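Residues per chain, in single letters:
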Amino acid sequence: MSATPIAPHRPVWRRLIGFNMLTGLALGIGGWFLGAWIGGQMAVGHDYLLGTDQNDVGLYMGYLFGVIGWLVGLGFANYPIGRLLGRPPTLRHHETGSWTRYFRLCTDHKVVGIQYLFGVGIFFFIGGLNAMLMRTELLRPVEQAWPAGQYLTLLSLHGTMMIMMTSAFILGPFGNYFVPIMIGARRMAFPRIEALTFWLVPAAGLILMSAIAFGGIATGWTGYAPLADEGRAGMDAYVMSFILIAISLTLVGLNLLATILTMRAPGMSWTRLPIFVWSVLATSILQVLAAPVLVAAMAMVLMDRAANTSFFLASAGGSQYLYENLFWFFGHPEVYILALPGFGIVLEMLPVFARKPLWGYRLAVAGMLGVTLLSFMVWQHHLFVSGMNGSLRPFYMLTTELISIPTGFIFLNAIGTLWRARIRFTVPMLFALAFFFNFLIGGLSGVFLSDVPSDVTTHGSYFVMAHFHYTIVGGLVFAFFGAVYYWLPKMLGITLNETLGKIHFWLFFVFFNLTFFPLFAAGFLDMPRRVSTYAPSLQGLNDFVSASAYVIGISMLIFVANLIWSLVFVREPAAENPWASRGLEWQVPTPVPVANFDRIPVITSGPYEYGVPNAPPVADLAPSALPAAGS
Ligand code: HEM
Ligand SMILES: [Cu+2]
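The structure displayed is predicted, hence computed values, not measured ones.

(A) Local environment of the coordination of the iron atom of ligand 1. Here the iron atom of ligand 1 is held by His158 (NE2) and His469 (NE2), and the distances to it run 2.0 Å. Between the 6 donor atoms coordinating the iron atom of ligand 1, the angles at the centre fall across 87 to 179°, so the site counts as octahedral. One end of the pair, histidine 158, is in helix α6 (residues 148–167); the other, histidine 469, is in helix α18 (residues 462–491), with 311 residues separating them in the sequence. Owing to a relative accessible area of 12%, histidine 158 belongs among the buried residues under this scheme.

Here it is, written out as structure tokens:
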């Protein structure tokens, strides 16, 4: 990488001073105490706060001021203040090539992509550690390491952290890094907003973890009323972190939509758009429409807890059913926010390693847009047993089962593309193939849950637990690692060790299935979710599951070891196009220059014409007619 510091003689301590992560952390902590104090003063004289174990107003004010301090310390206030002082407008932040740009506000979409990769990755591992702790508790059918309340906190932290981080898993690192390059642009539409979306994520992660200090979270990741209102002050951390993540998701969606709609290079018609970019487009629509609903729902919970309102409190005239509807109006599109980018990634990789054109490109686009539309019409399938009007059940059952049709398109694309292909079984391809195996099981078990009679008996059991881990871990997380092995050579300029990659894959794939498949059985045998005790007869099954889960943990450590080994010690430079891909992102040099392209390329053909005789190159990278433009 060409990250040469501009002033190598400056001592390291000098470079630590300025607008960066450390300053952000310092101002964030300072802001927290200031806000908590102000909130404490505001609450004086309000009797309703006396009954709670913590002053919720103080906590919310603390978090609010803390986030403001964090952003100011990172440098987000500099530009607005400069504008107020009359400085001329600029599109992007002034940037240096120094390595320190990874630790501060940076408006280069490639830097933001790498920030996301490592930032989200760290919190993902914390969430994974929680899972290991839970599986340890579940080794015995009786309470052992943690009392029930602490198990619930562990579970809520795991679930919420994982949902928050996996929402940013693909669009964060790979959307930010590759979408502009893949459509022939030099940047994202709103570079400063792009930086903001990333820096909100660690703030949300840290705030969520602070729940441990304030009595934990008892509600699981769904935060249902009235428990959310009665819960200890840790609930405030849940509310605040979800608000931040939802704001980030909304802005990511807006930014990517604007970029894809307005900044495609000449010749990048809708039918030449890489399928990954289509999936990002569909996901962005979901994020823009669904995430604000979560902000609203959480803001109402916040007021119920801190301002004595009763939106969701039946005891005071509100309705917890309203909360459930608002939550799942976000929550169901959310599961497609997780799934769609996975579809995009695997379909992007299949033609490269099958050396054949993507079969049914238009069908794939139709499938993704169909999923996008339908995913707003199904949310009540989460409420079949929550006292909904019984005559609504068939409607939601039907719409949910309809979704399997556009989802099926994606499987058809895969089968058509792989048909009679000579497949190269590289590490990313193995992950892509595993995606289809796992997602098929996840999807088929979903049909049982959308079917009212079978949902009534399996709801709240480990069957549900197994189902959504099959879709999210088996689908999204496998697609994520496929993307990591596929794109890291371009992003970091290094090659990952292939043998370690294959060991990671096989351990993860085999033991993922050994962990979660038996849990379908546990569900049928009535093992309830969210409880740390279970029938003694299920101990053998649970011990087997826990042992398998530990091997998943080990496979992740092997991945981390591979990353550190390849990145820090071996540093074998990657070829510019190691997979012989036609993708535009592989036609630019490694490391990718700051401006991506010398000149805006002219796209001359589709990205998947593998093995097509006389297929023209995908783009003219040095069109003489077009002068260099843009910034
Ligand atoms: C691969 C390793 C993983 C293991 C071993 C694991 C294990 C578990 C366990 C034991 C529970 C608690 C079940 C209960 O008591 O009800 C759970 C819940 C959950 N997990 Fe995972 N998990 C893993 C990865 C993930 C990932 C990657 C996600 C991504 C979104 C995820 C999302 C969730 C959610 C949303 C819950 C439900 C929390 C709730 O009930 O509110 N898990 N997981
Ligand atoms: Cu749903």
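(B) Highlighting the site of ligand 1. If you check the shell around ligand 1, you find 25 residues, and the closest are Tyr151, His158, Trp221, His469 and Arg530. The pocket occupied by ligand 1, as judged from atoms lying within 2 Å of grid points, is the second largest pocket. Put simply, the parts of the chain that give the shell around ligand 1 at least two residues each are α5 (109–137), α6, α18 and α20 (539–570). Of the residues belonging to the shell around ligand 1, the class tally is 17 nonpolar, 5 polar and 3 charged.

(C) Just the side chain of serine 548, in detail. Here serine 548 is to be found in helix α20. Exposure remark for serine 548: the relative accessible area of 2% places this residue in the buried category. Beyond its immediate stretch of four places on either side in the chain, serine 548 contacts Phe511, Leu514 and Thr515.

(D) A look at the nonpolar core. By size, the foremost hydrophobic cluster in this structure holds 199 residues, and its most contacted members are Phe174, Ile275, Trp487, Met491 and Phe508. The element contributing the most residues to this core is α18, with 21 residues. Counting contributing residues, this core receives three or more from each of domain 1 (17–86) and domain 2 (106–600 + 602–620). Ignoring anything within four residues of it in the chain, the contact list for phenylalanine 174 reads Leu117, Phe169, Val179, Phe276, Ile345, Phe480, Ala483, Val484, Trp487 and Met491.

(E) Local environment of helix α2 (residues 21–43). Between its terminal C-alpha atoms α2 stretches 32 Å, which fits the 33 Å expected from 23 residues at 1.5 Å a residue. For α2, every residue scored as buried is listed here: Gly24, Gly28, Gly31, Gly35, Gly39 and Ala43. The inward-facing, buried residues of α2 contact α3 (56–74). Where α2 begins, the capping side chain belongs to asparagine 20, and its oxygen is found 3.0 Å from the backbone nitrogen of leucine 22. Phi turns positive one or two residues past the end of α2, at glycine 45, with a value near 90°.

Definitions and cut-offs
- Residues numbered from 1 in each chain as written.
- Chains lettered and ligands numbered in written order.
- Predicted model: local features only at pLDDT ≥ 70, side-chain atom pairs only at ≥ 80, totals over all residues.
- Heavy atoms only, no water.
- Donors = N, O, S within 2.8 Å, 3.2 Å for Na, K, Ca; no water.
- Tetrahedral: all angles 85-135°; square planar, octahedral: opposite > 155°, others 65-115°.
- Helix = DSSP H or I, 4+ residues; strand = E, 2+ residues; numbered from the N terminus.
- Buried < 20%, exposed > 50% of the residue type's maximum accessible area, 1.4 Å probe, protein only.
- Near = heavy atom within 4 Å.
- 1 Å grid on protein atoms, 1.4 Å probe; cavity = no way out; pocket = protein on both sides within 12 Å on 5 of 7 lines; lining within 4 Å.
- Sits in = over half its atoms within 2 Å of the grid points.
- Nonpolar A, V, L, I, M, F, W, Y, C, P; charged D, E, K, R; others polar.
- Contact = heavy atoms within 4.5 Å.
- Core = buried A, V, L, I, M, F, W, Y, C linked by side-chain atoms within 4.5 Å.
- Domains from an automatic or database assignment.
- Expected span 1.5 Å × (residues − 1).
- Polar contact = N/O pair within 3.5 Å; in protein donor to acceptor, adjacent residues only side chain to side chain.

As far as function goes, none of this settles anything; it's purely spatial.
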